[in-house]
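# Structure assessment
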Amino acid sequence: MFEIQEDVFVEDLEEMKEVYQSVGWMKHTNDVIRQVFDASNIKVIVKFNNRIVGFGRAISDGIFNAAIYDIVVHKEFQNKGIAKQILSHILEQLKDVSCVHMISTTGNEEFYRKLGLRKVKTGMARYLNIDLHNEYLE
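The paragraphs below set out a description of the structure included in this document.

Thresholds applied
Residues numbered from 1 in each chain as written. Predicted model: local features only at pLDDT ≥ 70, side-chain atom pairs only at ≥ 80, totals over all residues. Heavy atoms only, no water. Phe/Tyr/Trp six-rings, centres within 6.5 Å; stacked < 30°, edge-to-face > 60°. Helix = DSSP H or I, 4+ residues; strand = E, 2+ residues; numbered from the N terminus. Buried < 20%, exposed > 50% of the residue type's maximum accessible area, 1.4 Å probe, protein only. Pairing = 2+ DSSP bridges. Axes fitted to C-alpha atoms, helices over the stretch in contact; angles between N-to-C directions. Contact = heavy atoms within 4.5 Å.

Here we come to the packing of aromatic side chains. Enumeration over the complete set of coordinates arrives at eight aromatic pairs. Judged by centre distance (5.1 Å) and plane angle (45°), the rings of Phe-2 and Phe-48 are tilted. In this pair, Phe-2 is assigned in strand S1 (residues 2–6) and Phe-48 in strand S2 (residues 42–48), connecting sequence segments 46 residues apart. Accessibility expressed as a relative area gives 28% for Phe-2, which makes it partly exposed. Relative accessible area serves as the criterion here: at 26%, Phe-48 is assigned to the partly exposed category. Taking the centre distance of 5.5 Å and the plane angle of 85° together, the rings of Phe-37 and Phe-55 count as edge-to-face. Of the two residues, Phe-37 sits in helix H2 (residues 30–38) while Phe-55 sits in strand S3 (residues 51–60), which places them 18 residues apart along the sequence. Judged by its relative accessible area of 1%, Phe-37 falls in the buried class.

If you want it as structure tokens, here you go:
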């Protein structure tokens, strides 16, 4: 059975790093994971048999804007509805926020569209990493 925890204190950085690495995100060190989750005011973690198998986070001012980041599910646990549950829990916490932004990883756009998110006509971004710049920007 999957256990969903909201607004948790992130304690098991090694398990979280394993989840990131399982999907090819290799730059997330323990220090980076702690920093990005400490800076996020909305956090959802999913555990299976007391092991972290997925998570997501968001940053919001609580009224006008929010941005969702890092909805990640361990490769071994994908296609079980976990990402949908994570997003649902985050969106529930953001239900009164006027605008919620999210940038999908390439190839996952349709998944998020099915969950009610839409492309932004005026979205703008800057990437310092040239590979991400080339992948995500027009």
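Our next topic: the sheet that holds S3. As summarised here, the arrangement of the five strands in space is S1-S2-S3-S4-S5, forming an open sheet in which the pairing is mixed. Edge positions in the sheet fall to S1 and strand S5 (99–102), since each has one partner strand and no second. On average, each strand axis in the sheet is tilted by 20° relative to the strand beside it, whichever way the strands run. Note: S3 against strand S4 (residues 65–73), six bridges, orientation antiparallel. Counterpart to Ile-59 in the pairing with S4 is Ala-67. Most of the contacts of H2 go to S3, to which it runs at about 45°, and overall it touches S2, S3 and S4. Its contacts with the sheet place helix H3 (residues 82–93) against S1, S2, S3, S4 and S5, and it is angled at close to 160° to S4.

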